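In case you want the letters, here they are:
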Amino acid sequence: YDVMNRLILDSDIAPYKLDERLYAKRHIDHIKTILPGERKQLYVMDRGYPSMDLIIHLLETKSEFVIRLPQITFKRERSEMETDDAIIDVIIDKSRISPYKGTAFAEKLAQIGSLRLRFTKIKLSDNTDEYLISNLNQSEFMFEDIKKLYGLRWCIEGLYNILKNKMFLSNFSGIKPEIIKQDFYATIFLFNLISDLEQQQFEDDEIPYDDLIYKVNDNRAIGTLKRMLIELVMAKSGSERGRIYKIIVKKIQSRLVKIKEGRHYDRYCGNVTKRESSNNYKKSY
């Protein structure tokens, strides 16, 4: 997911037992074939991804990265940090080779011996420490930059929220693999189409507002395009397609919502009974 342009760059559907880090490597390799030229790629990942094979794959593909560490990972290197932002040599000893014992990758790790990586410690609002590992140059990315970069990853949680709760990604129209794949990729396509439409509208929009920031209402955009997409695609002429497009934009633009900056709510982890008609997740279609 491109968090800056709000577009899904690559997607796949597979059995749930497959390792998500394996699929991360596949996405990284595929994205290199679809992005133009030698454009740099910076990946931001959460606590489920750090592993020697993925980190080395990122380094070998000349990709930059920021990954959040779980509490039990790289404890030795954390204890060596003399500042909150330090370059540490990660020694690849037997304990780090043993998970790959008997494979060609184990031999590769033994040959590499060590990695120089950047460790960054950030104090969170609840007074706990968050550790990030990266290969970013300290002269190019300051301490605050690392913090902001990882903060951008929250956008993907918003993406999952839209796909699952507003576009009902898992509400497949059949049980055959072909139908499930068709529904899956159609939803991904529709999300990108809506996202592109929303951003294009704001680029061209010259309507003055007050000092508040506004955004497109996701439910409104999803519902409108769901109803009018086939009509748009089946238009017999460019002028007819343009007319339908303007109607879609006008409908989406008529229901903007205010963005209230600085909102924060404590996460509630107790038992919650999900209501069928929740006010937070009105059906888009």
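Up top is the structure.
Since we're looking at a predicted model, the values are computed, not measured.

A. Inspection of the sheet that holds strand 4 (residues 114-123) at higher detail. Pairing in this open sheet of five strands is mixed, and the strands run 1-2-5-4-3 from one edge to the other. The open sheet terminates on both sides in strands that have one partner only, identified here as strand 1 (42-45) and strand 3 (85-91). On average, each strand axis in the sheet is inclined to that of its neighbour by 25°, with strand direction left out of account. With six bridges joining them, strand 4 and strand 5 (residues 129-134) adopt antiparallel strand pairing. Bridge pairing in strand 5 links Arg 118 to Ser 134. Helix-sheet contacts for helix 6 (residues 143-151) involve strand 1, strand 2 (64-68), strand 3, strand 4 and strand 5, and the interaxial angle to strand 4 is about 80°.

B. Structural detail: the packing of helix 9 (residues 218-233) against helix 10 (residues 238-253). Helix 10 packs onto helix 9 with a crossing angle of 175° between their chain directions and a minimal axis gap of 10 Å. Relative to helix 10, helix 9 is oriented roughly antiparallel. Where helix 9 approaches helix 10, its residues Arg 220, Ala 221, Thr 224, Leu 225, Met 228, Glu 231, Leu 232 and Val 233 are matched on the opposing element by Arg 241, Arg 243, Ile 244, Tyr 245, Ile 247, Ile 248, Lys 251 and Ile 252. Taken together, the residues of the contact of helix 9 with helix 10 break down into 10 nonpolar, one polar and five charged.

C. A nonpolar patch on the surface, seen in detail. On the surface, Ile 230, Val 233 and Met 234 cluster together into a nonpolar patch covering about 350 Å² of accessible area. In this fold, Val 233 is placed in helix 9. For Val 233, a relative accessible area of 55% translates into the label exposed.

D. Seen up close, the pattern of salt bridges. Considering all chains together, one arrives at 13 salt bridges under this definition. For Lys 108, the salt bridge identified is with Glu 60, shortest N-O distance 2.5 Å. Residue Lys 108 is located in helix 5 (residues 104-112), and its partner Glu 60 is located in helix 2 (residues 52-60); the two are separated by 48 residues in the primary sequence. For the salt bridge of Glu 240 with Arg 243, the shortest nitrogen-to-oxygen distance reads 2.7 Å. With Glu 240 and Arg 243 both in helix 10 and three residues apart, this pair spans about one turn of that helix. Classification of Glu 240 by relative accessible area gives partly exposed; the value is 29%. The class of Arg 243 is partly exposed, set by a relative accessible area of 40%.

Thresholds, definitions, all that
- Residues numbered from 1 in each chain as written.
- Predicted model: local features only at pLDDT ≥ 70, side-chain atom pairs only at ≥ 80, totals over all residues.
- Heavy atoms only, no water.
- Pairing = 2+ DSSP bridges.
- Helix = DSSP H or I, 4+ residues; strand = E, 2+ residues; numbered from the N terminus.
- Axes fitted to C-alpha atoms, helices over the stretch in contact; angles between N-to-C directions.
- Contact = heavy atoms within 4.5 Å.
- Parallel < 35°, antiparallel > 145°, perpendicular 65-115°, else oblique.
- Nonpolar A, V, L, I, M, F, W, Y, C, P; charged D, E, K, R; others polar.
- Patch = residues over 30% accessible without salt bridge, like charges linked within 9 Å, V, L, I, M, F, W, Y side chains within 5 Å.
- Areas by Shrake-Rupley, 256 points an atom, 1.4 Å probe, with all protein chains shown as cover.
- Salt bridge = Lys/Arg side-chain N within 4 Å of Asp/Glu carboxyl O.
- Buried < 20%, exposed > 50% of the residue type's maximum accessible area, 1.4 Å probe, protein only.

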